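Structural overview for review
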Amino acid sequence: MASPAVSPDSSSHEALSSVNSAPACSPTSDSENLSPDELELLAKLEEQNRLLEADSKSMRSMNGSRRNSGSSLVSSSSASSNLSHLEEDTWILWGRIVNEWDEWRKKKEKLLKELIRKGIPHHFRAIVWQLLCSATDMPVKNQYSELLKMSSPCEKLIRRDIARTYPEHEFFKGQDSLGQEVLFNVMKAYSLVDREVGYCQGSAFIVGLLLMQMPEEEAFCVFVRLMQEYRLRELFKPSMAELGLCIYQFEYMLQEQLPELNIHFRSQSFLTSMYASSWFLTLFLTTFPLPVATRIFDIFMYEGLEIVFRVGMALLQFNQAELVQLDMEGMSQYFQKVIPHQFDSCPDKLILRAFQVKYNPKKMKRLEKEYAAIKNKEMEEQIEIKRLRTENRLLKQRIETLEKGQVTRAQEAEENYIIKRELAVVKQRCTSATENLQRAQTTIRQLQDQQGNPRFSEEFVTHLETELEQSRLRESETLGALKEMQDKVLDMEKRNSLLPDEDNVVRLQEELQALALREAEAVKSLTELQQQVKDLSDSWQAGRAGGRWKESPRRNNANALQEAVVAARLREAQAQAELRALRQRVLQLETQGQIQRTVLGRAEQTCAGLREQLRLAAAQSKGLQAQLSESHRKHAEAQCKSKEEVMAVRLREADSMAALAEMRQRVAELEIQREEGMIQGQLNHSDAAQYIRQLKDHIDELKAEIRLLRGPLAFGAVGLGTRLGDEDSLGSSDEELPPFALTHGDIGDLGDLGDMGDSSDSETEGAPTAP
């Protein structure tokens, strides 16, 4: 099988340059094995290939002639009459190479490599490509007709892209043409053979080139071999991991050998995949015209993807000066329009420069390992990101669940905040009322001081009336706010009664003790306030009962106003007392809210603990899974070892049984010889009965000796069979003989028994031995 990874060393580079400068030169080891005629043919080969590749008519004739089989390519009797002298020489040389292929691959490999690099004649490309990839006799060829009868899920995609493959070529031009039909058949058959890859558009160009050279069955076999052995299958997988590796390796070569151009590409954001992806996927079949691309494909069939790296670097070296002066759009146009037609007339120039490019297979292997490590790290990061996203989604779900379960508490907290804000407003109003009360008390004291004054001005009375009206308005507002606060407090009490009790009794007791202390202080302050109100009421009643302001109507009016002011102030004091009671209730509600927040915090701590337990359980599960995998592996190894031991024991058993059968045969032969000798020696005696008795006695003695000899060996054989669990035993009866080897003494004793008849008959001595 042709190896697709053949890489020429530095000596092959020097040999190639010497061959291009002097076409008749070849490696020393190969030129010594060639005849003068072969050397002359080799010298003429380069000129003949150049003429054939430049002849477009010859290329068109190649497209029609590739429908013949490989055997017709080797026979040159009818075609040689129409070819020139150089073509005849080339036919002779390549015909000899094809007919002696195994010898050339083994003994003249360097010379064959140089001939392929100079170009395979198009008449021989079909059979040489099949020989290079070992696709001449493949089992899949017999399945081709059956595959065409099956249905593929990729048929619509293949039909859609058929017209895009070599649209200008005569063989594939026109809808439902012969070329499009056979291309569809090959792509459909491969999509059924390799369902993982299925169909990829770039592969159609490779199959189209093969169909230009050979029939569809042979093209199918060659394409299958290319996909399996030349890394093309990895290139055309849906993930295209191999393409990423090739781009990574090519970027490294570009950075190492053309750093200035690489810097320019990076500055213009001109990625390597923008121009090099088609090189690897189509092997330059969509970049160069067919004559140049076919020369590259010849080398690819022998050396693999290495030629793609070399030709790509050679193209960049040729055009470095022009590319560094262009922007991104200009470089894209340059790759599409200028580069494809640079080597139409001299493809050898491109091939020569390609094999002058530095290519280190060991470094490529190292880059492959680095790329695999990078991809593994990216895969691990993606897995970690996916895991974190899953955990985040689960946490969001749990948070939403908790939020739904605590809507009531959130609403209560909001209402508590509203109540606090309203309490602040009420406190402000209370402060204002207290200030007004102090001013009223000051006014009362002034009035008491002015009791001796008989005159009260009208302005003073008007002022008292205004204060009375304002006081009544404030009283009505305070009563309305007090009623609203009482309703809210009742609502809060109802809701708090529905909340669950706290499990932590110790903290509840502490909070209740603090609440009791605050309540005692509030009750104390309320009692003091009530006492003050009572004292004020008593003093007012005493002043009212004294009747000291009944001297004149004006004085009586003033007294009535003063009494109204005092009554308003008393109501205001009572409202203040009620406000303090309300504050105490709000304080209780705040305490209960604090308790609920504490409960919520403990619930969150419990959730955090549960999450930690879940994480530990997951880690423990991973460890157990690893242990289980290790135990499965050890169990499989133990089973393999036990099977190997059983097979070895059975082999030894079979050897022992074969030896047993052989010894039985030998013993049977010896017994036959002995019986024949004894019978022939004793038939002449008169006493036949005595002879028979002696013969039976001797047979009994022989059986006894055989039993004695068989005892230890039979025991060992039976033990072995028992250990293996085999139902067949080696010593089943007394007539069966054990696998023992007779010594020379035993054979001599048996032979002495046959010498008893030597004196009676001379013919007995020469009796033939029974088989």
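For clarity, every value in this text was computed on a predicted model and none was experimentally measured.

Before going further, it helps to examine the overall build of the chain. Scanning the chain from N- to C-terminus turns up 31 helices and 0 strands. Burial statistics for the chain: of 771 residues in total, 38% are counted as buried. Considering only residue pairs separated by 6 or more positions, the chain has 80% of its internal contacts joining residues 24 or more positions apart. Counting only carbon and sulfur atoms, one obtains 53% of the accessible surface of the chain, whose full area is about 44,500 Å².

On to helix H11 (residues 155–162), then. Turning to H11, its buried residues are Ile158, Asp161 and Ile162. One side of H11 carries all its buried residues, which in axial view fall inside an arc of 110°. Check the buried side of H11 and you find it contacts helix H12 (178–193).

Moving on: the packing of helix H9 (residues 125–132) against helix H13 (residues 203–213). At a closest axis distance of 8 Å, the pairing of H9 and H13 adopts a crossing angle of 125°. Looking at the two axes, H9 sits oblique to H13. In this structure, H9 contributes Arg125, Ala126 and Trp129 to the contact, and H13 contributes Leu209, Leu210 and Gln213. By residue class, the composition of the contact of H9 with H13 is 4 nonpolar, 1 polar and 1 charged.

Below, the discussion takes up helix H18 (residues 273–282). Within H18, 7 of the 10 residues are buried, which leaves the element mostly enclosed by the surrounding structure. What H18 keeps buried is the set Tyr275, Ala276, Ser277, Trp279, Phe280, Leu281 and Thr282.

It is worth spelling out the side chain of Thr282 at this point. Topologically, Thr282 is positioned in helix H18. Once residues within four sequence positions are removed from consideration, Thr282 is found in contact with Gly202, Phe205 and Ile206.

A grouping of Leu271, Met274 and Met328 is seen on the molecular surface, where their side chains present a nonpolar patch of about 270 Å² in accessible area. Tracing the backbone shows Leu271 in the loop between helix H17 (259–267) and H18.

The next thing to look at is a negative patch on the surface. The grouping of Asp697, Asp700, Glu701 and Glu705 at the surface amounts to a negative patch. Residue placement: Glu705 occurs in helix H29 (residues 688–724).

One can find Leu447 in helix H25 (residues 407–449). For Leu447, a relative accessible area of 6% gives the class buried. For the pair formed by Leu447 and Gln562, sequence separation is 115 residues and the distance between their alpha carbons is 8.8 Å.

This part covers the environment of Gln592. With respect to the element layout, Gln592 can be found in helix H28 (residues 553–682). Note on Gln592: relative accessible area 29%, which makes it partly exposed. Along the chain, Gln592 and Leu515 lie 77 residues apart, while their C-alpha atoms are 9.7 Å from each other.

Quick look at unusual backbone geometry now. Backbone geometry at Arg231 places phi at a positive 70°, although glycine is not the residue there. Here Arg231 is to be found in the loop between helix H14 (216–229) and helix H15 (232–235).

Let's shift gears to the pattern of salt bridges. As a working rule, side chains carrying opposite charge can pair if their charged atoms are close by. Applying the stated rule across the entire model yields 26 salt bridges. Between Lys173 and Glu170 there is a salt bridge, with the nearest N and O atoms lying 3.7 Å from each other. The partly exposed category is assigned to Lys173, whose relative accessible area is 40%. With relative accessibility at 58%, the residue Glu170 sits in the exposed group. Within this structure, Asp194, Glu196, Arg233, Glu234 and Lys237 form a network of salt bridges that share partners.

The subject of this paragraph is the environment of Phe172. Tracing the sequence through the fold places Phe172 in the loop between H11 and H12. A sequence separation of 11 residues divides Phe172 from Leu183, and the C-alpha atoms of the two residues are 8.7 Å apart. Excluding residues within four positions of it along the chain, Phe172 makes contact with Thr165, Tyr166, Ser177, Gly179, Gln180, Leu183, Gly208 and Met212.

Here we take up the packing of aromatic side chains. Counting across every chain of the model gives 23 aromatic pairs. When the centroid spacing of 6.2 Å and the interplanar angle of 50° are considered together, the rings of Trp279 and Phe335 count as tilted. Of the two residues, Trp279 is situated in helix H18 and Phe335 in helix H22 (residues 328–337); the sequence distance between them amounts to 56 residues. Assigned by exposure class, Trp279 and Phe335 land together as buried. The rings of Phe250, Phe265, Phe270, Tyr275, Trp279, Phe280, Phe284, Phe288, Phe309, Phe335 and Tyr359 are connected pair by pair, giving a single aromatic cluster. Directly above the ring of Trp104 sits Lys108, whose terminal nitrogen or CZ lies 4.6 Å from the centroid. Positioned over the ring face of Phe184 is Arg159, at 3.6 Å from the centre of the ring.

So, about the packing of H9 against helix H19 (residues 290–303). Contact geometry of H9 with H19 gives a least axis separation of 9 Å together with a crossing angle of 30°. With respect to their mutual orientation, H9 and H19 come out roughly parallel. The handedness of the crossing between H9 and H19 is left-handed. Between H9 and H19, the residues in contact are Arg125, Trp129 and Leu132 and Thr294, Arg295, Phe297, Asp298, Met301 and Tyr302, respectively. When grouped by side-chain class, the residues that make up the contact of H9 with H19 number 5 nonpolar, 1 polar and 3 charged.

Below, the discussion takes up the confidence of the model for the chain. With 73% of its residues at a pLDDT of 70 or more, the chain shows a mean pLDDT of 75. Within the model, the stretch residues 1–32 combines pLDDT values under 50 with 62 contacts to residues more than four positions away or in other chains. The low-confidence segment residues 547–551, where pLDDT is below 50, has 12 contacts with residues more than four positions distant or belonging to other chains.

Each value, and the rule that gives it
- Residues numbered from 1 in each chain as written.
- Predicted model: local features only at pLDDT ≥ 70, side-chain atom pairs only at ≥ 80, totals over all residues.
- Heavy atoms only, no water.
- Helix = DSSP H or I, 4+ residues; strand = E, 2+ residues; numbered from the N terminus.
- Buried < 20%, exposed > 50% of the residue type's maximum accessible area, 1.4 Å probe, protein only.
- Contact = heavy atoms within 4.5 Å.
- Areas by Shrake-Rupley, 256 points an atom, 1.4 Å probe, with all protein chains shown as cover.
- Arc of directions from axis to C-beta.
- Axes fitted to C-alpha atoms, helices over the stretch in contact; angles between N-to-C directions.
- Parallel < 35°, antiparallel > 145°, perpendicular 65-115°, else oblique.
- Nonpolar A, V, L, I, M, F, W, Y, C, P; charged D, E, K, R; others polar.
- Patch = residues over 30% accessible without salt bridge, like charges linked within 9 Å, V, L, I, M, F, W, Y side chains within 5 Å.
- Salt bridge = Lys/Arg side-chain N within 4 Å of Asp/Glu carboxyl O.
- Lys, Arg positive; Asp, Glu negative; His and termini not counted.
- Charge placed at Lys NZ, Arg CZ, Asp CG, Glu CD.
- Phe/Tyr/Trp six-rings, centres within 6.5 Å; stacked < 30°, edge-to-face > 60°.
- Lys NZ or Arg CZ within 6 Å of the ring centre and 35° of its normal.
- Left-handed = near helix turned anticlockwise from the far one by under 90°.
- pLDDT = per-residue confidence, 0-100.

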